[in-house]
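Given next are the chains, with one letter for each unit.
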Amino acid sequence: MGNSYAGQLRTTRFEEVLHNSIEASLRSNTVVPRPVFSQLYLETEQPLAHDGRTENDDEDDEDGSESNSPPIPYQMKPPPEGCCTTDGFCQAGRDLRLSSLASDPLDVPPGFMLVGVKSPSLPENLLVCAVDRRFLPDERGHNALLGFSGNCMGCGEKGFRYFTEFSNHINLKLTTQPKKQKHLKYHLYRNNQGILVKGAPICWRGHDGRMRQMGSSLSESHVTSDEQPPNMPLTHPSHTHCSYTAGSHVDPIGLPQVADIPHSLTNGSHAVSSIAQPPLNQSGPGRPSATGPHANAGPPKKRHKGWSPESSANSLPETTVKTPPSSSAVAALSVSSVITNGARSETAAPLSSSQGSLTPLSPPGLSVTIPDQLLHTCRLQPVIFKGHGPLPQLTGNVSEVLVSSLLQSCYLSSQTLPRVYQHYGPSPIQPLSTEMQILLTVYYLVQLGPDQVPLIEDLEQIFMRSWRESHLSEIRQYQQPQTPVAHGRHYGIETPSTLPGLPQHLSLPPQSQQPLTPSQLPWLAQLAASSCGEGVVVLGEHIGSLAQGIQQTFSRLMDRRLENTNYVVIIVTAPGQETQSCVVVTGKHQCRALAESMYSPSEGLKEINHQLSTGVAQELIHFCSSLGQDGDLDSLLDSATVDSNDPPPLSSSQESTEDRTLKTPHSPKDSHTQGSKDSPSPVLVQRASSPKDTCSEYSVEWREVRPIQLAVARKLLSHVCAIADSSTQNLDLGSFDRVSFLILVPPSEVTFQQTVLHLWSSGVLGAIDQECVSQREAERYVVKMDQSAQARIDNLIQEAHCNSYTLYILVHDHAHWDINSASCSSSDSGLGLVDQLLNSRQVRDAPNILILHVTSFPFALQTQYTRISPYNEIHWPSAFSNDVDLYHERTRYFGVSELLESTRSGSSLPLMRYDSSFESMASALEERFPKLHSAVIRTTVVIQHYCVALMAASGKIGSSHNLHKHTSVETLEIVQSLLNAAQQCPAHHGHMVLLRIPSLALAAWAHRRLSRVRRQLGLEESFEIILGNPNQALSIGRSFTDQIKTWLKIQDADWVPRTYLELEALPCILILSGAEPLGESLPRSLKYCDLRVISCSYLQRTTLEQELGLAAYLVRAESRPPHNPGPGSDQLESDAEKLSSTDNEEEEGQENGDSPLSSSQQLQSCPDNGALDPFPAQSTTSPNVQKGTMDTIQTPSQSQTQLQSQPSSQSFLYPQPALHHQAQPQVQSYSQAQPISQLQSQPQIQGQNQPLSQTTSQPHTQTLPPTHSRRQHSKSTSSGSLSPRASSPHLSCSWARGVSRPPSVLLPRALYDIITASDSSGLPRCTSFLPHMSVAWASSFRPLLSKMMTCTEQSLYYRQWTVPRSYHMDSSNRAEGRSDNFHPRRLLLSGPPQVGKTGAYLHFLGILSRMLIRLMEVDIYDEEDINYSAQADGVQYHPPNASWPNPDIMKTMPFDYTLHDPKYDDISSVYSPGYKSSAEGNPVRQEDVYLRRRTSRIKLSKYAAYNTYHHCEQCHQYLGFNPRYQMYESTLHAFTFTHLLLGEEIQLYFIIPKSKEHYFSFSQPGGQLESMRLPLTSDWSPDCIKSPIFTPTTGRHEHGLFNLYHAMDGASHLHILVVKEYEMAVYKKYWPNHIMLVLPTVFNGAGIGAAHFLIKELSYHNLELERSRRLEGGGPAGDVWPFIILADDSCVMWNAVDLDAHNGPVEHAVSLKQVLKHMEACPDLAHYGLCGIRKWNSRGLKGYKQREPFSRGHLHDFLLLNVDRSQNVQYDQNRFTCHDVDFTLRLHSAGLLVCRFNSFSVMKKQIAIGGYRTFIIKTKMTDVPTSVGPPQYVCAPDSKHLFLATPAQLLLEKYLQHTSQKLFPLSTKNYTHPVLSVDCYLNLGPEVTVCFVSSRPHSVNISTTGLLFSGLLLCFADSFVTPGFLKKFSFLKGATLCVISADRSSLRQTVGRLELEEEWRFRLSDEFQTANAKEDRPLFFLTGKHI
């Protein structure tokens, strides 16, 4: 196999994969071989296996074996006789060592390379050999053929075809399988002195295979340092150090020059296409490989699967060599193999900088001189894109030319085949050839519009699509039998008919078989370019070198011959040489955009500041102030200003007294026009504060929590619980008793105050911090991420360290803001703080700190090295599913996707649009001022427009000045709407205009300029102008503050608004500055979002979406049409579970009676009222459409909105389901706008001639007759003047109309085009952009995001296809094993902007706090003791403070037969002579005790018993996490004993963990279990409980309270769980370290009686065994401790009474250890048969002084049993209910002392699951419970009856309990005539009293003299019951007898033996049996009447 392809270089990829698939299936253990085609095409880049390798990576480890198999022992073939075997010599005896051959002349055949071989026996030396370079990999570790071909350099023998054979020849003496990957180590080359020296390591997989990077690192060839985001306009370096100007020679890719790298696969089968293309017959010559020391850097092994991108050809560590960032995310060379002297430039490299040139210098004489005055002559700065081949050196005026390597990076990444396509060796799957790339580039440039800037993202997609298409035929030819690969949801190969961005006529036809040759390239490129005239010029025919082409381009530029040319493509195709190319950008607009995009955002802002401060912008400002023939702006303003010098009394607080001309000088006129004020113009609203001027519509709703926020909060909580519940022990929720938190926000004062406001109004602090009493104090829970944050977080870490019982939540809000690595950020930049603080070891390792990242744009946190597990991501849910409102919201979210939807409308003005007249003015000025930054120009123009619009709208300037043409229609509309809105509302509510200006300096200038114009026009009281600077607090004028206080009804005199939310309804222009929005929420009065001056340079998804997110809005749901996010819906904001929810695509539903218009129309024209707004349909592209007076009160006729007749609108009757089908196709793709426009017929009309109504309440259900006259849309209505105001006087408030309508957004044209375009997947183009500046794409070969992806799938997409750059904080997070990468206590909440995430996480903090308190509390039964009312003994037997009972006194105390336990309030009371019942006539209650018993919530004490959900640090060992013992390590021991009652041997099983074996004795270690060790009575230890604790349990493996670690307070104790056999496994699983006693199989259906019976009998048997064991050991036999504890599985806490408290006796929590130590220390304990304690209730201590400290009576739940004294009294093994009452009565009658310690009480937790009381009565026929009533529990013997699958004893007990009033009619409610029950107590229901007597001789019974019984109950009467015994008792006439026996014969025997027929009358019909089948052994009973 080694040389299967040695002689043939045919690229047979398919055969190779097939071959390897067969081989793999032969080797593999699994039955199914891996599918060939999925390997070829569908595998993702690097699928992860669990150990961090790629799954298909069976790379040979150091031991030479396959990765998952054991090492293969290797035996070398013995050498031939007589040959040399010396190390370092070949078998011919020639020296091969490098040290010997270094200076020898060596004959290396062509195509071979010298390679150093590592010999294990000569570690310090290398052996020299020659290897065919085809079998070695290149620098990137690719393209090595399988097999081997080599020559011996010693003896000269040639033609070794197997590496095994060769290794034998050179005496490697290997112990493992010879592998070329392992032993061919280094390239060898001759240095300057001609000496042969060791070169770079051969790049197999990494540095000699040990640097095994994770499979998910970069794809093979990615540079991971600060590369350039590839989606910027083509040249876009993302960071400051990127503007490489032409002569700097800093080639960011580095050495060797990319074009020199040999590609064995470059000239692939890429045919060319064009309509006019002639047939291609010739194929180009294969290109020769490059030579040079680095030409081939090493081979992959035989079955090479690709290798780590981190592999390198030299050993420079990555940290020392960083690629300059402009080299793009996808630079195709690995970091260290490429850069040899990679100085990293931090700033734009000036040409004089002496950085080592990273580009190989071009030959001397090939430099290009840049002409003088180039910039001045051409008014542009050309941009040269490096393409293929080295760029010539530029000399001369190099600062006037920019050089970018972004295109080169794109070429390289598109030629780097991902591992899935190339890791099986040679194949037909080849990358695009150089020629094809150049041709496609020309195609792309040709179809760009004159104003479009090339986008790297588009070009990359074109390359990928072309590459996929060119291989489709190969893929298909082998896939006939299989399903098409393209089905793959995410990674299917797309087969579109056209390429993105290519016009139809230029798309590629099916590939012809001939590849494109270099000689054909130039004329094909020229042919393609000819279609666009002069737009693209191709220089290729007679160009001998790139230098010549560039020189020619400069000459043409200087001659003005390229005026209409945007791009010059230079192609050099000399025969026998590599094809070379570059692109020179010569379009003015393109050059400017590309040059500005080479700045980083911060550099761009610095440049703007520089231009402002140096006065460069002054000429522009002067130029803009001139209005041509209409005069000058400033002089017009002066004329409008009156001559009063009084300053305005209530001016805006932010207005400067003068326009400071320091930084931004103004015209000299500015200085004397300030401070004067005009009389109020007609437009002005006089502020009046009279009470009648109020607006009934106004309400502020942002304080309330919405249902969807509650749902998200619960989702967060469930994720936290999931972390706690996982077995990883990463979060122990049970150990925390409170929550504390800190919210980290970006350094914006408004965001800070807004978060504090939300926090304060949410009420969360009330639950968490009662001391926080003011909003000011709430500020300590929020911290801005500036330098002050360090101390706050350090404090929190200290607190967390000290308070281990507090859970600290660090909420990182706006988490995408600062993700810079701390190590790469300078301290003064303020960046890197998050990394420094949140990723520090202290925070990471603190077990009680949980981090919650909250962001609208999570993409930057979803990379291959992310710290957040995909399972810990919470995505904001979609509020609608199929238009069903899932959360019953009163608002609907209107976000980016809905804005996009509005742009695809047919009939009215979209909410998102661009301003064409502004764009044309800005473009003209950009050409006029080529040196100014476009942001300066655009801001100046936009402010000019606002100033002119203010002048026009104010009415102060005479109409003779034609001001309208100096502003744009859009701006005029905004200003008029702003001025008019407040007039129409009695309370002067208006709306906000947001003007976004990223530069602080420009924003400050704009603020001054607008304020001055406002002042001169006398409009200071009309609206406020606010400068939103993130570094400063919000500041507004006093009068406006008073206005807001009136609206919000705030009394506090010092109150000022601190957040934008509090500006609700204030008419204002907010100039929002700052490089990016920092999470500031905007009020719902926002009406216009003016983004016309935001930068178009930074085209990342996050950047775009967060600017658009400013317009996101919650619209009132009542008036909003049905929700339809449409295509791309949630993709843009990641706001819902579906990116573009297909569920929502048919939502043209008729909610609120809306007509079934196409929802896209309804969305875009989101109405003010119920009817749809007639937005103006005025074309935004025609600036000369004039608008009338906007938003003033118009007559209906003026704005009679007429509806356009549309093709499909004739049939518009309700309902119209067909529309659903019509509407569906159009939502599939953005490009198919036609169906939409056809569907959008018209807004609804309330009546035939009635104008559109303004009412929000009117249901608009009128149908529209098809023949309705259509009225044409008014061209003059603005979107502000939504419909005639006159028609709805009561809704005159513009604010109230606005809240049901989202804001309008104005964008730059360039961004509008990008955002509204869609890619081939139907999603908006911007979704395919790089998600964030700090990440890079892992490969060009990634699929596109899919329209169908949910948020979760989108997250997984980014996690797979993006990698963090070196300055990203996650770039260091690369553990070998993937599981370590994720921080276990880190969550990510993502949701669209402005949707309410803050409210959700605040609510989460509240419910988490409540849950922790709830976890610390339990429901305890809290019921008063029953039947105490009639008891008034008054005798005090023991002093109240007696510690222990005195047996002699106890004997004198009467036994209290009465039951006091409230759980027994529904059973028969026990008769005692002195007791008078008060409970007669109690109604029979429902049986379900859990529903009605009273409980109290009690906080757990530190001595509580816990269930399986509690696992704190201290419990680990107790629960079985002891490192000494492996978990679950326990053994099963059988234990047999005989018992008379059972009549046979019983075999029990003990499960004994290794850690508990010392409690038992064995015949020998590991042998037969002999007994359970018991201490001696005389033993005493302060930390040891002597009594074994037995807890019988069933159905409560999770909920039973078996963790007694804390309850025992560290005391050693023996605790045994008694479980049924069928539950053994599950109990063992949950409680691996507990001893289990497994009951025999026969007891699987038994009740609690059986468990107690066996425990007691086993304990007595064990006591005897222990006594005999002690005797054998020579000790005293009687001294063995005879007590055991029987504890319920719900005993949770224990209390002791403190008599010495000041306020009388009080109870306090004590440990179980204290209770037991006290009871065990009782001096006369051996006298007692049974001891117990009280059951707790909250009123238990009332009248305690009269209460005895000890009493005799019934004991329950927690018993200390003396198994020695009670030997002859057994528990009834058959009992299910009341077994303890029965046992206590029999124990007392046997003369044993029973004592209750009243000074202790036990608390019982309510556990509603499992337990011995939950038995379901079900029939034999079916397993489902059926409602069978108690009368059906018994039947006549031998009758046909429905048999029940329930134990007979249980049926009998239940029957007697529920039907006793029929059975014992005389006994019902007859306390004085009880039923006589002999030797047992059975519950006959609450209305019957039972008198218990024992038939045993010498037993203690109550006196029954004179007592007449109403019945007799004989249950299994034994020989002690005799006729004489029964004759002692007297019965009422008609009293009932009930005799119970196991079968009919014993029943008759009992009747005969006891001579019952003498006094009782029986009838045949009085015999019954329980309703059991014969095999279930029914019980029989006979009833009779007393004669």
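Residues numbered from 1 in each chain as written. Predicted model: local features only at pLDDT ≥ 70, side-chain atom pairs only at ≥ 80, totals over all residues. Heavy atoms only, no water.

A. Focus on the pattern of salt bridges. Counting across every chain of the model gives 56 salt bridges. One salt bridge in this structure joins D1689 and R1596, with 2.8 Å as the shortest N-O distance. With D1689 in the loop between β41 (1683-1687) and β42 (1691-1698) and R1596 in the loop between β38 (1589-1592) and β39 (1615-1619), the pair connects residues that are 93 residues apart, well separated along the chain. Relative accessible area serves as the criterion here: at 3%, D1689 is assigned to the buried category. (Salt bridge = Lys/Arg side-chain N within 4 Å of Asp/Glu carboxyl O. Helix = DSSP H or I, 4+ residues; strand = E, 2+ residues; numbered from the N terminus. Buried < 20%, exposed > 50% of the residue type's maximum accessible area, 1.4 Å probe, protein only.)

B. Here's a closer look at the sheet that holds strand β12 (residues 580-585). Spatial strand order, β9-β7-β12-β11-β10: 5 strands in an open sheet with mixed pairing. A strand with exactly one partner marks an edge of an open sheet, and here the two such strands are β9 (402-404) and β10 (536-539). Here the average twist between neighbouring strands, direction ignored, is 20 degrees. The pairing of strand β11 (residues 567-572) with β12 spans 6 bridges and is classified as antiparallel. Counterpart to V569 in the pairing with β12 is V583. (Pairing = 2+ DSSP bridges. Axes fitted to C-alpha atoms, helices over the stretch in contact; angles between N-to-C directions.)

C. Geometry of the pairing of β41. Most of β41 sits out of view: 5 of its 5 residues are buried. Of the two faces of β41, the one carrying F1683, I1685 and A1687 and the one carrying I1684 and L1686 are both buried. Direction of pairing for β38 relative to β41: parallel, over a ladder of 2 bridges. Looking across to β41, one finds that I1589 is bridged to I1685. Relative to strand β46 (residues 1758-1762), β41 is paired through 5 bridges, and the arrangement is antiparallel. Across the sheet, residue F1683 finds its bridge partner in β46, namely N1762.

D. Seen up close, the nonpolar core. Ranked by internal contacts, the top residues of the largest apolar core, which has 124 residues, are I384, F554, I570, L1063, V1305 and I1315. Examining the composition of this core, we find that 9 residues originate from one element, helix α10 (residues 434-447), more than from any other. Beyond its immediate chain neighbours, meaning those up to four positions away, L1063 contacts M992, I1026, L1034, I1036, I1044, P1057, P1083 and S1085. Judged by nonpolar contacts, the second largest core, of 113 residues, contains V1470, M1572, F1776 and I1902. (Core = buried A, V, L, I, M, F, W, Y, C linked by side-chain atoms within 4.5 Å. Contact = heavy atoms within 4.5 Å.)

E. The arrangement of helix α29 (residues 969-981) in detail. Here α29 is 13 residues long and its end C-alpha atoms lie 18 Å apart, about the 18 Å a rise of 1.5 Å per residue gives. Among the 13 residues of α29, 13 are classified as buried, and the element is accordingly described as predominantly covered. (Expected span 1.5 Å × (residues − 1).)

F. Layout of the side chain of Q709. You can see Q709 is positioned in helix α19 (residues 707-725). A residue is classified by how much of its surface remains accessible, and Q709, at 5% relative accessible area, is buried. Setting aside residues up to four positions removed in sequence, Q709 forms contacts with E704, W876, G1396, G1399 and A1400.

G. Summary view of the environment of V1435. With respect to the helices and strands, the residue V1435 is situated in the loop between β31 (1417-1421) and α40 (1447-1452). It is 8.9 Å that separates the C-alpha atoms of V1435 and E1748, two residues lying 313 residues apart in sequence.

H. Local environment of helix α46 (residues 1779-1789). The buried count for α46 comes to 11 of 11 residues, which makes it a mostly enclosed element. Among the residues making up α46, those that are buried are H1779, D1780, V1781, D1782, F1783, T1784, L1785, R1786, L1787, H1788 and S1789. The secondary structure elements touched by the buried residues of α46 are β32 (1469-1470), α44 (1648-1672), β44 (1728-1735), β46, β47 (1793-1804) and β50 (1889-1893). Just downstream of α46 lies G1791, where phi reads positive at about 90 degrees.

I. Highlighting the sheet that holds strand β17 (residues 873-875). Read across the open sheet, the 6 strands follow the order β14-β13-β15-β16-β30-β17; overall the sheet is parallel. Of all the strands in the sheet, the pair left with one neighbour each is β14 (782-784) and β17. Across the sheet, the axes of successive neighbouring strands diverge by a mean angle of 20 degrees, strand direction being ignored. Inspection of the sheet shows strand β16 (residues 849-855) paired to strand β30 (residues 1386-1390) by 5 bridges, in the parallel sense. Along β30, the bridge assignment pairs T855 with S1390. Along the sheet face, helix α39 (residues 1397-1415) touches β13 (738-745), β15 (806-813), β16 and β30 and points at about 175 degrees away from the line of β15.

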